[in-house]
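Coordinates in review
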Amino acid sequence: MDAAMVTAIAALIGGPVAAAGVMYGSRGATRAAREGNAVTGFNSLTDQLQEERGELKKEVATLRAELAAERLETARLRLVVQQLGGAP
């Protein structure tokens, strides 16, 4: 075997090995980018859900205050009815 033959064999073996290395590295980079996008999307969704939860808490507090006011008004009207001689 002369040097030209060894070089040709090395090129034939080295080419596919290098291509496989590039493909594996590219796949790893793509996976890392996907995982990064997933984490970013998860963080964005979490932020949106927290904002929505805060808004819902405010709405529940408002509804509770309205319900308490309605109950107070109902109690006041029952008292008025009783004072006028009626039955609630």
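This text goes with the structure placed above it.
All values reported here derive from a predicted model rather than from experimental measurement. (Residues numbered from 1 in each chain as written. Predicted model: local features only at pLDDT ≥ 70, side-chain atom pairs only at ≥ 80, totals over all residues. Heavy atoms only, no water.)

Focus on the overall build of the protein
The condition is simple: The helix and strand labels rest on DSSP assignments: H or I over at least four residues marks a helix, E over at least two residues marks a strand, and numbering proceeds from the N terminus. Note on exposure labels: buried denotes an accessible area under 20% of the residue type's maximum, exposed denotes more than 50%, and partly exposed covers the range between, all computed with a 1.4 Å probe on protein chains only. The Shrake-Rupley method, run with a 1.4 Å probe, gives the accessible areas here. Residue values count only the displayed protein chains as cover.
A tally of helices and strands in the protein yields one helix and zero strands. Here the protein holds 88 residues, and the buried ones make up 0% of them. Surface accessibility of the protein: about 7800 Å² in total, with carbon and sulfur atoms responsible for 64%.

Observations regarding a negative patch on the surface
Stated precisely, the cut-off is as follows: A patch consists of residues whose relative accessible area exceeds 30% and which take part in no salt bridge; residues with like charges are grouped when within 9 Å of each other, and nonpolar side chains (Val, Leu, Ile, Met, Phe, Trp, Tyr) when within 5 Å. Salt bridges are identified by distance alone: a Lys or Arg side-chain nitrogen within 4 Å of an Asp or Glu carboxyl oxygen. Note that His is not counted, nor are the chain ends; the positive residues are Lys and Arg, and the negative ones are Asp and Glu. Each charge is placed at NZ for Lys, CZ for Arg, CG for Asp and CD for Glu.
Together, Asp47, Glu51, Glu52 and Glu55 make up a negatively charged patch on the protein surface. With respect to the helices, strands and loops of the structure, glutamate 51 is situated in helix H1 (residues 3-83).

With respect to the pattern of salt bridges
Applying the stated criterion across every chain, the model contains one salt bridge. Here arginine 76 and glutamate 73 are joined by a salt bridge, their closest N and O atoms 2.8 Å apart. Placement of the pair is arginine 76 and glutamate 73 together in helix H1, with a separation of three residues, close to one helical turn. A relative accessible area of 35% means that glutamate 73 is categorised as partly exposed.

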